[in-house]
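Inside the fold
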Amino acid sequence: MSQLSNIIRLSFRDYSHEWRMSGCFIFALSAVLAPMMILFGLKFGIVTSMVDSLVENPTNREIRPIGSGRYSEQWIEDFRNRKDIEFIIPKTRALAATIQLKSDTATRILSSELLATAENDPLLAGMQRFPDDYYQIILSQSAAKKLKVEQGDRIDASLARQFHGKRERVHLTVNVIDIASISVTSRNVAFVNLDLLVATEQFKDGREVPDLGWDGDSGSSASRVFPSFRLYARSINDVGGIVADLEKQGVRVKANVAEIETVQSIDQNLSVIFWIIACVGAAGFAFSLGASLWANVDRKGKDLSVLRLIGFRSSVIVLFPVLQSCYTAILGWLLAVLVYLGFEQLINRFLAPRLNLDQSLCYLLTEHFFWALGLTVVTAIVAAILGGLRASGIEPSDGLRDM
Amino acid sequence: MVTRYFQLPSIYCLNSVTVVYDLKNVVKERLVDGVGFRLQVPSIEIKAQENIALVGHSGCGKSTLLDMLALILHPDKSDHFDIDPVDGKSQQVDKLWHHHRQSRLSQIRKQHIGYVLQNGGLLPYLTVRENIELPRRLLKLADDDSINSIAKVLGIHRQLDKLPGLLSAGERQRAAFARALSHRPSILLADEPTAALDPITTRKIMAVVMELIKGLKITLITASHDWAHVYKMDLRVLKQEAEPVENGRIYQSTFHD
């Protein structure tokens, strides 16, 4: 313990005594590390931001069927159970999926599109409540504004039809349980429970809806078939596979496949380029640090021999260059972080606005800095151990005679 | 005066008949500039508190023998190589080398041997005080006034807070003696400690050192190529003889009384 604490003290004293040489080592290390951090910051900033925005925006994960089809409840259920699908919900015919909304605070009646929703709907991510019966509704920002309503207000929803030559209208009082943000849609949309959407279509088709007391013809008991659906893949990486499966079944769909593939290709290519540069840089760093430590041990052979002569054990002497190498690694990393942060600010403040990007072009997470530190220290220690073993292998007698 | 400032603990006060070093047929071979060099020590017995001078011309193996005595160079062959720095605790050095007991050798060196190199061998990044107290720190000896005392005796007490690079050659050698003696070893080895100094400074330093080792009852073994100086200091002299052997392929150097 005495030897260990003494060698830590001595290695630091020597390191600070030779501050010019130590400074050169620190600058040399940061000169290799800082560009690698900037490169990684750019790679992470540009590509990750693009990927994140793609992932975060549910429309990029949406797969939309083209035209009408015939999708049974069982077909929808099968897709719902797939692991690569986050959310799927049926849609009824567009013409049948409209409703007239009227509030006490607005004079106009608003014709609004109806969309079925349920828990975990990516389009309404962040919502606390979802409509779970006929009487609950979420309005789009645009619809809420036009109706001048807020969350918790009760409004009148009505439907009209021509039934046996007679015009009929039914009314329903619904509770606005939430209002979707403008980023969800700019259209007038009412998000409702699937049952209300189906009831609306049934009423418009002249069929009865016993639950709501709406008269009409009796419906058949056959399984329901939907003309369309709203489907979201779990990630952008799943979109391609789902599209291929649907097309195999003859379902023509539309998705942002090309855009996703472009970002994925950029990500892969930049990753390859980054890792090639990083590996070459890391190898260069390890060799240069190893070579300089090797030379340093030669230079310090005399002092290390004196330490052994005084009574330090060989195993402790190994620590001398290893510790000095750690000091270089930590201080070099610190300098590289400062250089990186300077360039990060420069790039994000001056370059990003010119490219009309509202996201950071270059950034690293806190854990990336610690990864860089860990890798630098480990590389430095491995290189230094070789020097340290050489130091401990020098016969003190030879070292002293070289004085 | 010396002993008053720098008392040696009683455990290290060896009986003057104790044999500190006992070497028989010790051989060390080296290759110097492509020519074989063999150092041969047929028999040397060094008693406690003896003052020995290894005398011979440059390159005859004085430093090699000192390094073996300092336990930093292992002999190639030996019938007998014992060290007894503490009365009655003889250690077989050749066996320790043979069994790679490096830590035991370090321990003996750390505790019982002081070594003065030709140019001091002070660590340039430590002050004179820190250099002197380093052996004491390794042994966890109490931080008493002994550093100031020995520095005063050797006349370097005003230089204690300076770095070695700022000292004169004479001051550096005094500091080197102070470091070698600071942990109160029982053996002091010195490799031509005054070779780089002028005769007046040499005389002054060696006078103080001789007084110190006498007071501290230390065994001194010094290497020198200066016959006149050695004879003035009244040391037991181990002379060196050298001759080419094995058809001149090997230059053999032998030390004897």
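Further up the page is the structure itself.
In this report, the structure presented in the accompanying data block is examined. Values in this document were obtained by computation on a predicted structure and should not be read as measured data.

Thoughts on the interface of chain A and chain B
- Listed by partner, the interface residues are 25 residues for chain A and 28 residues for chain B.
- For the chain A and chain B pair, buried surface summed over both sides reaches about 2,500 Å², with 59% attributable to carbon and sulfur atoms.
- One can count 1 salt bridge joining chain A with chain B.
- Where chain A meets chain B, there are 6 residue pairs in polar contact (both at pLDDT 80 or more).
- Of all the secondary-structure elements, those providing two or more residues to the side of chain A that touches chain B are helix H1 (2-17), helix H8 (301-310) and helix H12 (396-401) of chain A.
- Ranked by residues supplied to the side of chain A that touches chain B, first place goes to H1(A) with 8 residues.
- Of the residues contributing to the side of chain A that touches chain B, the split by class is 10 nonpolar, 6 polar and 9 charged.

Concerning the environment of Ser16(A)
All names here are of chain A.
- Mapping serine 16 onto the fold places it in helix H1.
- Each C-alpha atom of the pair serine 16 and glutamine 324 lies 9.8 Å from the other, and the pair is 308 residues apart in sequence.
- For serine 16, the side chain forms a polar contact with the main-chain oxygen of arginine 13, separated by 3.1 Å.

Quick notes on the nonpolar core
- Membership of the largest hydrophobic core comes to 59 residues, with the highest contact counts inside it found for Leu307(A), Phe312(A), Tyr21(B), Leu54(B), Leu65(B), Leu189(B) and Ile221(B).
- Beyond its immediate sequence surroundings of up to four residues, Leu65(B) is in contact with Leu23(B), Leu39(B), Val41(B), Ile44(B), Leu54(B) and Phe255(B).
- Leu124(A), Ile137(A), Leu139(A) and Ile177(A) belong to the second largest nonpolar core, which has 43 residues in total.

Considerations on the state of the cysteines
Residue and element names in this part refer to chain A.
- Within the structure shown, the criterion is met by 0 disulfides over all chains.
- With no disulfide of its own, cysteine 24 lies 20 Å from the sulfur of cysteine 326, the closest cysteine sulfur.
- In this structure cysteine 279 is not part of a disulfide, and its nearest cysteine sulfur, from cysteine 362, lies 20 Å away.

A short note on a nonpolar patch on the surface
- A cluster of nonpolar side chains, namely Val339(A), Phe343(A), Leu346(A) and Phe350(A), defines an oily patch on the protein surface of about 370 Å² accessible area.
- Of note, Phe350(A) is situated in helix H10 (residues 319-354).

Considerations on the sheet that holds strand S12 (residues 253-254) of chain A
Residues and elements named next belong to chain A.
- The strand order across the open sheet formed by 4 strands is S3-S11-S1-S12, and the pairing between neighbours is antiparallel. Each having just a single partner strand, strand S3 (85-91) and S12 make up the two edges of the open sheet.
- Pairing analysis gives 2 bridges linking strand S1 (residues 62-65) to strand S11 (residues 228-233), with the strands arranged antiparallel. Directly across from glutamate 62, in S11, lies its bridge partner tyrosine 232.
- Along the sheet face, helix H3 (residues 73-80) touches S3 and S11 and points at about 165 degrees away from the line of S3.

Thresholds, definitions, all that
- Residues numbered from 1 in each chain as written.
- Chains lettered and ligands numbered in written order.
- Predicted model: local features only at pLDDT ≥ 70, side-chain atom pairs only at ≥ 80, totals over all residues.
- Heavy atoms only, no water.
- Contact = heavy atoms within 4.5 Å.
- Buried area = accessible area lost by both parts, 1.4 Å probe.
- Salt bridge = Lys/Arg side-chain N within 4 Å of Asp/Glu carboxyl O.
- Polar contact = N/O pair within 3.5 Å; in protein donor to acceptor, adjacent residues only side chain to side chain.
- Helix = DSSP H or I, 4+ residues; strand = E, 2+ residues; numbered from the N terminus.
- Nonpolar A, V, L, I, M, F, W, Y, C, P; charged D, E, K, R; others polar.
- Core = buried A, V, L, I, M, F, W, Y, C linked by side-chain atoms within 4.5 Å.
- Buried < 20%, exposed > 50% of the residue type's maximum accessible area, 1.4 Å probe, protein only.
- Disulfide = S-S within 2.5 Å.
- Patch = residues over 30% accessible without salt bridge, like charges linked within 9 Å, V, L, I, M, F, W, Y side chains within 5 Å.
- Areas by Shrake-Rupley, 256 points an atom, 1.4 Å probe, with all protein chains shown as cover.
- Pairing = 2+ DSSP bridges.
- Axes fitted to C-alpha atoms, helices over the stretch in contact; angles between N-to-C directions.

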